[in-house]
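Observations on the three-dimensional arrangement
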Amino acid sequence: MNPISVGLVVVAAAALVGAAAGALAPARTRPLVTGTATAVVGLGGVLVGVAALGGQTWSLTVAHLLPLAETTLAVDALSGAFLLLIGAVAIAAGVYGIGYTSPGGAHATDEDDAAPGHDGVGAHDDASGPATAAASRTAQAVLPLFAAAMLLVPAAASVSTLLVLWELMALTSLVLVLAEHRLRRSVRDAGLWYAGMTHAGLVAIMLGLVVLAAGAGGESFAAMRAGSAGLSPATASCVFVLIFLGFGSKAGMVPLHVWLPRAHPEAPSHVSALMSAAMVTLGLYGIIRVGFDLLGGGTRWWWLLVLAVGSVSALYGVLQASVAADLKRLLAYSTTENVGLMLMGVGAAGVFAAEGNRVLAGLLLAAAVLHAVNHAAFKALLFFGAGSVLRSTGLRDLDRLGGLASRMPVTTALFAVGALGAAGLPAGNGFVSEWLLLQGLIHSVTGAMAPSVVVAISMPLAVAVVALTAGLGVATFVKAFGVGFLARPRSAAATGATESPLSMRAGMGLAAAACTALALAPSIAGAPLSRLLSVLPSVRDGAPLAGSDVSLRLAGIAGSMSPLLIVVGLLVAGLGAAALVRRVTHGAPRRATPVWGGGSTRLSPRMEYTATSFAEPLIRVFDDVLRPEQDIDVTPFAESEFLIESISYRQRVPDRVEARLYPPLLAAARRWGQWSRGIANGSVHRYLAYGFIGLLVVLVIVGITS
Amino acid sequence: MTAAGVVGVLVQVALVVGGAPLLVGLMRQVRAVLEGRAGAGIGQPWRDLRKLMKKEAIRPEGTSWVFTSGPLVLFASTLVIAAVAPFVSTASPLDGVADLFAVVSLLLLGTVALTLAGLDTGTAFGGMGASREVTIAALAEPTILLAGFALSARVGSSNLADIVAGTLATPAQVLSPATLLAAVAFAVVVIAEAGRLPVDNPATHLELTMIHEAMILEYAGRDLAVVELASAMRLAVLLGLSVNLFVPWGVATSSAPLALLGATAVFALKVGLLGAVLAAFEVFIAKWRLFRVPELLAGSFLFGLLAVSASFFLA
Amino acid sequence: MSVLRKIIRTGRVAEPSLPVPSVDAAAGAAPAAPAAPGPLAGSVQLRHIDAGSCNGCELEIASAFGPVYDAERYGLRLVASPRHADALLVTGPVTRNMADPLRAVFDATPNPKRVVAVGDCAMNCGVFAGGHGVEGAVGDIVPVDVEVPGCPPTPEAIIAALRGLTGR
């Protein structure tokens, strides 16, 4: 019995049973039932992924399930990697969701607008409705279906199967994003943007794949793989650009990212984690599958486009994240940044594959996929942490949080692990994949083959982009962790925070364990990555990552690093220093004393630095890109305009891409729509004439072409 | 992992830990002499540290484990760099993991630890210092990595021992345009990372002009001693890296005891000389306004980019 | 480089250091001066607080740390935060508004610490005794360990008193 088929049956069965049970179960047991079902779905996915990465393959063709087409499913090492990733996130999200959708917590508040300016009020007492909006029957029942749809997309092996599963994934995620739509207006806006962009992406994917299938003479992946060599370069490029736009919009690349910072914050936190950590990687999967596998590698300029768009996404995403004051919006923009880094890896790999340098191409593609896995681990953990904070305080606004280190110690410690990974510092898992990416980029100008001019110009710029992204990423997560969790609470809601329930801590713990394992022993990914690369014809090469359990060694080029030794060294040095200090000072205790505030005895938490003030130097340095908006309202006393009663200061950093690019497009679409209303003016004669002329045109065309 | 190799690592660590406060004392003494003063002597920082260990430590209200562990993380990260970098010998047992990018990330880890500790105090000074420090660190990253790229491109590896060995093997490369440009870029970055003039004034009393000092205003006693020692070590490590990556002659290529002894003396001499030059340079300049520092870093980034282009087009 | 020429031309400005003062020869050391420096030997960081002075003592302290007298050579250094300080240099009579901040500074300084009252105003309110904004002398707010009389005290007197703390 092929473990892959067992796993897929588990996925489908658990999803259907979980959805049905979630719809029928009483509210008291619904969180447990649906959470467990989602975790089992994830477990099935992990089983399939491990088996596929271990070398198993599987395929299935079912006729008559879909109209006009066969349903083809196939699993190889490439799909296996993404199945493993998504399955693991689904397990953690399922466990976490049990506690998150349970009654209690302060996140079911009536807030007009999620933007800063409204304090968390407290638990919402609604005897009639569900305890929290995220616990509504629909939202809970759909969760296992969403996880299953995400798991089946990498297993699709024909165009129609892929499109149906893609749309299923989009619809279930849309339902989940809209779970809290009664509470906040911004959720409805987010749902609208998300629905529009995901369907625009679907159209692009559909066009691209249909053109490819028509040109290759068959709609199954096997047929397209065989027939893509016969496509003309113009057609192949057209297919690639359409695919890139479609899958890239799902991944969240600039300028098609505008739905991400709206939808991810407004969704319930376990859904945000699933979307950010797992769903965006399916965009990456699509680009790799079509570009490297079905189109067989392609020409160089495709991948330079991917590299360029990835660089812009990485920089823009991290810049917006570093100045965001809303915690979940910050995490959403950080997803854009990491997707940009993944696309840079994929693009650089494609450039080298097109030039024939398979060693570097393999290394860079492995780095991109490993970064996707690392990102899934730490981004899920970070969103879980943000969800814990949201549930406990009702706040997403960093300017009002703080002081959680003593009130929510477990959440703080686990968020620190995630932030360490996201910042790309040693002892975090993001460091390993960024190091691999850098090694791939810097070895481009050395080595046996003299680099081409294009490579010699683009790779140093790519290194500079990765470096600036890494630096700003550190700034972002120092802000998120330092302002959000440390020092003293800045609002009443933060003062009243309590630790999350056990299932939420367990979910976070699972994600943190994955982060730690990937940080300390990254060589476990070596064999699976080489099996993944062997699936793709243009980058097939030996193992990119060799090395023992202790250190990471690159095969074919000189480079080695040991994250485990670094961490061991840090622990030995730190603990040794602590022991030495304790010996020298004879263990004298510390004196508790008020904070030194320049002599003032009236220090209040309002005087602490906020997230907005922390980001102020960055806003100043990058103000040409960010264009912040400031509003200052001065309210004088009624009696005299020279006596000020209050001053209100508000600073916003809008998404400049959205503000400049989308209104003209939407206005043009609206104008076109209004013009086309003139065509349907209500006259029956005109409609009959349209039908008659249309029939004539079709007959003429058929007559000419036959 | 020979005994001689382990001895070499221990010698290097002892040299950096013991010699860093002496380096700071030397720099203060050079500055004092140029200003016409008598100065406190090279050993004054060690006297300060000894006295600080006898003072009581405090726990400000509202701080957490981040505040108490910040100095230790900063110290540990700098110590690991001191252990793996090829200061005294390129034949150490740890040079398989002495990657340039790993070292740069360890420096950043130390910065982050102190920054979070500054935020944890909950004072406006701590937050301000943290915000400025993190901005400068973020803007210095591209320059460091491009300078590292230029150095690695020459030898085909970003391993520190390989870079040093490569320069020892072909001495003429030191005068190549790529290396000179990378040296200038690296010099600016070292000044920014170590918190010296014109980026930051380590002796200022005006909180609004502080960057590094503002984050440590709340530390006292043993915590302050660890922070001061770790900052001195960070300066020593940065100067040591710039000296050995660009002027590596004197580094031992084996683990022979005599070679190690000679290499220790040469390294101490080189770093002392560079520190004295830096201190003398600081007498002639004033601190720059904070929002001109990004322009300085952008200029050094351009030098780094030119260095990489030169390493390809002119190599 | 005009600065470089000036440096070379000027040379050393610091006057030669005087012999280590004994307890009774140190100009102005109060009877309540501490005996051996103890834990602060060789290194004393000072935090200056202006509790309400006319700034005359500040000018003398600035001169004491300037190139001519160079107090740093005895292990003394001015620091910005009381947490880094071992001794507090307080000048001026303590005004009403500065009484609580002075107590806060004293509390913030870690032990072992010393308080040095510089100038007649710090010792006994000097010419401002009885003023409506004056709370009292420094000794009325925080315990004083060393006093330096004078209005203002000369830099030599200040340095002699501080050298009693470092023992250098």
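These figures come from a predicted structure and were not determined experimentally.

Here the focus is the overall build of chain A. Across its full length, chain A holds 26 helices and eight strands. Whereas a compact globule of 706 residues would reach a radius of gyration of roughly 27 Å, chain A reaches 27 Å, a difference of no more than 12%. Across its three principal directions, the C-alpha atoms of chain A cover 90 × 70 × 55 Å. Residues counted as buried form 59% of the 706 residues belonging to chain A.

Attention now moves to the overall build of chain C. Helix and strand counts for chain C stand at six helices and seven strands. Burial status across chain C gives 48% buried among its 168 residues. Across chain C, every contact between residues at least 6 apart in sequence was considered, and the portion connecting residues at least 24 apart equals 85%.

A separate point is the interface of chain C and chain B. In this assembly, 24 residues from chain C lie in contact with 25 residues from chain B. Among the elements that line the side of chain C that touches chain B, the one with the most residues is helix H1 (residues 2-10) of chain C, at three residues. Class assignment for the residues of the side of chain C that touches chain B results in 11 nonpolar, eight polar and five charged.

Right, let's get into the confidence of the model for chain C. Residues and elements named next belong to chain C. With 90% of its residues at a pLDDT of at least 70, chain C reaches an overall mean of 88. Contacts of residues 24-35 to residues separated by more than four positions or lying in other chains number 23 contacts, the stretch itself having pLDDT below 50. Across the interface, the model reports ipTM at 0.95; the global pTM reads 0.93.

Residue and element names in this part refer to chain A. For the pair helix H1 (residues 3-24) and helix H2 (residues 30-53), interaxial distance at closest approach is 8 Å and the crossing angle is 165°. Classified by the angle their axes make, H1 and H2 are roughly antiparallel. Taken as a pair, H1 and H2 cross one another with a handedness that is left-handed.

Quick look at the pairing of strand S1 (residues 58-66) of chain A now. Inspection of the sheet shows S1(A) paired to strand S2 (residues 69-75) of chain A by six bridges, in the antiparallel sense. Each residue of the ladder has a partner; that of A:Ser59, found in S2(A), is A:Ala74.

Residues and elements named next belong to chain C. Read from one edge of the open sheet, five strands run S2-S1-S3-S5-S7, paired in parallel fashion. Of all strands in the sheet, those bounded by a partner on one side alone are strand S2 (76-78) and strand S7 (146-148). Going across the sheet, the axis of each strand differs from the next one's by a mean of 25°, ignoring polarity. Relative to S2, strand S1 (residues 44-50) is paired through three bridges, and the arrangement is parallel.

Right, let's talk about the interface of chain A and chain B for a bit. At the junction of the two partners, chain A supplies 68 residues and chain B supplies 68 residues. Contributing elements (two or more residues each) for the side of chain A that touches chain B: helix H14 (404-407), helix H16 (429-442), helix H17 (453-485), strand S5 (560-561), helix H21 (563-584), strand S6 (591-593), helix H22 (611-614) and helix H23 (616-621) of chain A. Broken down by element, the side of chain A that touches chain B gets its largest block of residues, 15 residues, from H17(A). In the side of chain A that touches chain B, the residues fall into 46 nonpolar, 16 polar and six charged. Note that S6(A) and strand S1 (residues 58-60) of chain B share three bridges and pair parallel. Counted as the bridge partner of A:Ala592 is B:Arg59 from S1(B).

Before going further, it helps to spend a moment on helix H10 (residues 269-294) of chain A. Residues and elements named next belong to chain A. With 26 residues, H10 extends 35 Å from end C-alpha to end C-alpha; this agrees with the ideal 38 Å at 1.5 Å per step. Within H10, the axis deviates most sharply at Met275, by approximately 35°. Within H10, 25 of the 26 residues are buried, which leaves it mostly tucked inside the rest of the structure. Where H10 ends, the next residue or the one after it, Gly296, has phi of about 70°, a positive value.

A cis amide bond links B:Leu197 to the next residue, B:Pro198, at an omega of 0°. Note the cis peptide between C:Cys151 and C:Pro152, where omega equals -5°. Residue position: C:Pro152 is located in the loop between S7 and helix H6 (155-166). The phi dihedral of A:Ala487 is positive, around 60°, even though this residue is not glycine. Structurally, A:Ala487 can be placed in the loop between H17 and helix H18 (492-495). Look at C:Asp70: it is not a glycine, yet its phi comes out positive at around 45°. Note that C:Asp70 resides in the loop between helix H2 (56-64) and S2. The class of C:Asp70 is buried, set by 25 C-beta atoms lying within 10 Å.

Quick look at the pairing of strand S7 (residues 629-636) of chain A now. On a regular strand, each side chain points to the face opposite its neighbour's, so the side chains alternate between the two faces of the sheet. Residue and element names in this part refer to chain A. The buried fraction of S7 is low, at zero of eight residues. Bridge analysis of S7 against strand S8 (residues 644-652) gives eight bridges, and the strand direction is antiparallel. By the bridge assignment, Ile632 is partnered in S8 with Tyr649.

What follows deals with the packing of helix H5 (residues 159-177) of chain A against helix H6 (residues 185-216) of chain A. All names here are of chain A. For the pair H5 and H6, interaxial distance at closest approach is 10 Å and the crossing angle is 175°. Viewed along their axes, H5 and H6 adopt a mutual orientation that is roughly antiparallel. Residues Val159, Leu163, Trp166, Glu167, Ala170, Leu174 and Val177 of H5 touch H6, and the partners they reach there are Ala190, Gly191, Tyr194, Ala195, Thr198, Leu202, Ile205, Met206, Leu209, Val210 and Ala213. Class assignment of the residues belonging to the contact of H5 with H6 gives a composition of 15 nonpolar, two polar and one charged.

Quick look at H1(A) now. All names here are of chain A. Between its terminal C-alpha atoms H1 stretches 31 Å, which fits the 32 Å expected from 22 residues at 1.5 Å a residue. Those residues of H1 not exposed but buried are Ile4, Gly7, Leu8, Val11, Ala14, Ala15, Gly18, Ala19 and Gly22. One side of H1 holds all its buried residues, which, seen down the axis, span an arc of 130°. For H1, the secondary structure elements touched by its buried residues are H2, S1, S2 and helix H4 (137-152).

Moving on, we come to the environment of C:Pro93. Residue and element names in this part refer to chain C. Looking at the element boundaries, Pro93 is found in the loop between strand S3 (87-91) and strand S4 (94-95). In this structure the C-alpha to C-alpha distance between Pro93 and Asp120, which are 27 residues apart in sequence, comes to 8.6 Å. The residues touching Pro93, leaving out its near neighbours within four places in the chain, are Ala51, Gly52, Cys121, Cys125, Gly126, Phe128, Val134 and Ala137.

Locating B:Thr2 in the fold gives a position in the segment before helix H1 (3-34). When the C-alpha atoms of B:Thr2 and B:Ser92 are compared, they prove to be 8.9 Å apart, with 90 residues separating the residues in sequence.

The rules behind each value
- Residues numbered from 1 in each chain as written.
- Chains lettered and ligands numbered in written order.
- Predicted model: local features only at pLDDT ≥ 70, side-chain atom pairs only at ≥ 80, totals over all residues.
- Helix = DSSP H or I, 4+ residues; strand = E, 2+ residues; numbered from the N terminus.
- Rg over C-alpha atoms; globule rule 2.2 N^0.38 Å.
- Buried ≥ 20, exposed ≤ 12 C-beta atoms within 10 Å, placed from the backbone.
- Contact = placed C-beta atoms within 7 Å.
- Nonpolar A, V, L, I, M, F, W, Y, C, P; charged D, E, K, R; others polar.
- pLDDT = per-residue confidence, 0-100.
- Axes fitted to C-alpha atoms, helices over the stretch in contact; angles between N-to-C directions.
- Parallel < 35°, antiparallel > 145°, perpendicular 65-115°, else oblique.
- Left-handed = near helix turned anticlockwise from the far one by under 90°.
- Pairing = 2+ DSSP bridges.
- Expected span 1.5 Å × (residues − 1).
- Bend = angle between axes of the 7 residues up to and from the residue.
- Arc of directions from axis to C-beta.

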